[in-house]
Protein chains: 2
Amino acid sequence: MNTQSHTKSTARSLPIALLRARETVMAPVRDMLQGIQLTEQKWRILRVLDELGEVEQSTIAHEACLLLPSLTRILRTMEAEGQISRRQDSQDKRRTMVKITDEGRRILEENLAASLEIADKIEAQMGRKKLDNLLDLLEELQAVKV
Amino acid sequence: MNTQSHTKSTARSLPIALLRARETVMAPVRDMLQGIQLTEQKWRILRVLDELGEVEQSTIAHEACLLLPSLTRILRTMEAEGQISRRQDSQDKRRTMVKITDEGRRILEENLAASLEIADKIEAQMGRKKLDNLLDLLEELQAVKV
DNA sequence: CTTTATTTGTTAACATGTTTACTATTTAGA
DNA sequence: TCTAAATAGTAAACATGTTAACAAATAAAG
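Just so it is clear, the structure is predicted and the values come from calculations on it, not from any experiment.

Novice: Before we go on, may I ask you to explain the environment of isoleucine 60 of chain B in this structure?
Specialist: All names here are of chain B. As for its position among the elements, isoleucine 60 is in helix H3 (residues 57-64). When the C-alpha atoms of isoleucine 60 and threonine 101 are compared, they prove to be 15 Å apart, with 41 residues separating the residues in sequence. Those residues in contact with isoleucine 60 that sit more than four places away from it in its chain are Ile45, Val48, Leu49, Val55, Cys65, Leu71, Leu75 and Val98.

Structure below.
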């Protein structure tokens, strides 16, 4: 009898199940991103900035699930590549405000079709109803206090 | 009008929703693992090995969602620390068979209680029914061909 | 006020993620 | 057979993840 028999099989372990499901979903997204000059992280940052407008770095980190040290490095290269712009906040000089540039928006637009196609393929196989159910449950899980 | 208004808000984006949910679930797990000498990846490897017995590295990589180059490095240190053992397969000399050691099992057992407590906290807030529903949907998503 | 604590972000160090190239072995085909 | 393709794993290079330590600015407490 193994140790796991006391607990849950990895398939019913929430952290592992979330990771495996994500790998499935991300595989075609990574294929898409590899064609252009974007990593998965940069893609998330662009989407968050496009959604929220000009925000401080801590907000990006929280929304895009990145730690600040990673974000610092990534934004440095994204600024050099002209996808985002940064400025010091005048009220609170600790804050750096970040926004997406036209070039960044252009990259998002260029990959909109491919992105939607992937989402459609998943929807076609799972069904809209189940997918909405899943997204609702995931939102609820995010809100759990642990 | 931003680019995202054509697509989905990040909260309804499956890859991002999966990532955010996972961060919520993993936060307390990382706290638990930091207390001992284990990273999240090593913890997954031990769980998979405990569940599957002696397997080749490709199987571990697939089950624990790790790429082989990462696994190569991680198993090297885990072997040095006595948590797993490796041997060349006699039939197929390309294969390396890996199994968990008593020391590895001891580490799993030591953290069983903490691990279960985290799972219980989440269950207490989400409810068993919703959690099972979520796990079912995640398993189904994993099986989707994209 | 002014000292202390908190917040925001950076740097450094090391582990892991990711791609490409490579070795060794095995399998499949001509 | 012999050779080409496929498979299992490793090595190297660079990006990102993660923790700890740090600097600067602001907020809180005295």
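That shown, we press on.
Novice: Which parts of the structure should I look at to understand the relation of the copies chain A and chain B?
Specialist: The operation relating the pair of chain copies consists of a rotation about an axis and a translation along that axis. Between chain A and chain B, the superposition needs a rotation of 180° and an axial shift of 0.0 Å, giving an RMSD of 0.1 Å. The transformation just described matches what one would write down for a two-fold rotation axis. Both copies share a contact surface, since 100% of the interface residues of chain A are interface residues in chain B too.

Novice: Explain the sheet that holds strand S2 (residues 84-88) of chain B to me, please; I cannot follow it from the model alone.
Specialist: For sheets, the rule is that strands pair by backbone hydrogen bonds, running either parallel or antiparallel. Residues and elements named next belong to chain B. With antiparallel pairing, the three strands of this open sheet are ordered in space as S1-S3-S2. Of all strands in the sheet, those bounded by a partner on one side alone are strand S1 (55-56) and S2. As paired strands, S2 and strand S3 (residues 96-100) are joined by five bridges and run antiparallel to one another. Bridge pairing in S3 links glutamine 88 to threonine 96.

Novice: What am I meant to see in the interface of chain A and chain B here?
Specialist: A common way to express how large an interface is: the accessible area buried when the components associate. Chain A puts 60 residues into the contact, and the matching count from chain B is 60 residues. At the surface where chain A touches chain B, the tally comes to ten salt bridges. Two residues, glutamate 140 of chain A and lysine 130 of chain B, come together in a salt bridge whose shortest N-O distance is 2.7 Å. Counting across the interface, chain A meets chain B through 17 residue pairs in polar contact (both at pLDDT 80 or more).

Novice: Would you mind going over helix H3 (residues 57-64) of chain A with me for this structure?
Specialist: Because the α-helix completes a turn every 3.6 residues, residues three or four places apart line up on one side. Of all the residues in H3 of chain A, the buried ones are Gln57, Ile60, Ala61 and Ala64 of chain A. The buried residues of H3 of chain A occupy an angular sector of 100° when projected down its axis, which confines them to one face. Summarising the contacts, the buried residues of H3 of chain A are in contact with helix H2 (40-52), strand S1 (55-56), helix H4 (68-80), strand S2 (84-88) and strand S3 (96-100) of chain A together with helix H1 (14-35) of chain B. Count one or two residues on from H3 of chain A and you reach cysteine 65 of chain A, which has phi positive near 55°.

Novice: In this structure, what is going on with the pattern of salt bridges? I would like to understand it.
Specialist: Oppositely charged side chains are able to pair whenever their charged atoms sit close together. Within the structure shown, the criterion is met by 38 salt bridges over all chains. Here glutamate 40 of chain B makes a salt bridge to arginine 30 of chain B, at a shortest N to O gap of 3.2 Å. Taken together, the residues glutamate 40 of chain B in helix H2 (residues 40-52) and arginine 30 of chain B in helix H1 connect sequence positions ten residues apart. With a shortest N-O distance of 3.0 Å, aspartate 132 of chain B and arginine 128 of chain B are connected by a salt bridge. Here aspartate 132 of chain B and its partner arginine 128 of chain B are both found in helix H7 (residues 128-142), four residues apart, which amounts to about one turn of the helix. The network of salt bridges with common partners includes Arg12 of chain A together with Glu123, Arg128, Asp132, Asp136 and Glu139 of chain B.

Novice: Explain unusual backbone geometry here, please?
Specialist: Most of the time, phi is negative for any residue but glycine, and the peptide bond is trans. Positive phi outside glycine occurs at cysteine 65 of chain A, with the angle close to 55°. A residue is classified by how much of its surface remains accessible, and cysteine 65 of chain A, at 18% relative accessible area, is buried.

Parameters and conventions
Residues numbered from 1 in each chain as written. Chains lettered and ligands numbered in written order. Predicted model: local features only at pLDDT ≥ 70, side-chain atom pairs only at ≥ 80, totals over all residues. Heavy atoms only, no water. Helix = DSSP H or I, 4+ residues; strand = E, 2+ residues; numbered from the N terminus. Contact = heavy atoms within 4.5 Å. Least-squares fit on C-alpha atoms with pLDDT ≥ 70 in both. Pairing = 2+ DSSP bridges. Salt bridge = Lys/Arg side-chain N within 4 Å of Asp/Glu carboxyl O. Polar contact = N/O pair within 3.5 Å; in protein donor to acceptor, adjacent residues only side chain to side chain. Buried < 20%, exposed > 50% of the residue type's maximum accessible area, 1.4 Å probe, protein only. Arc of directions from axis to C-beta.

The quantities given are spatial measurements derived from coordinates; they are silent on function.
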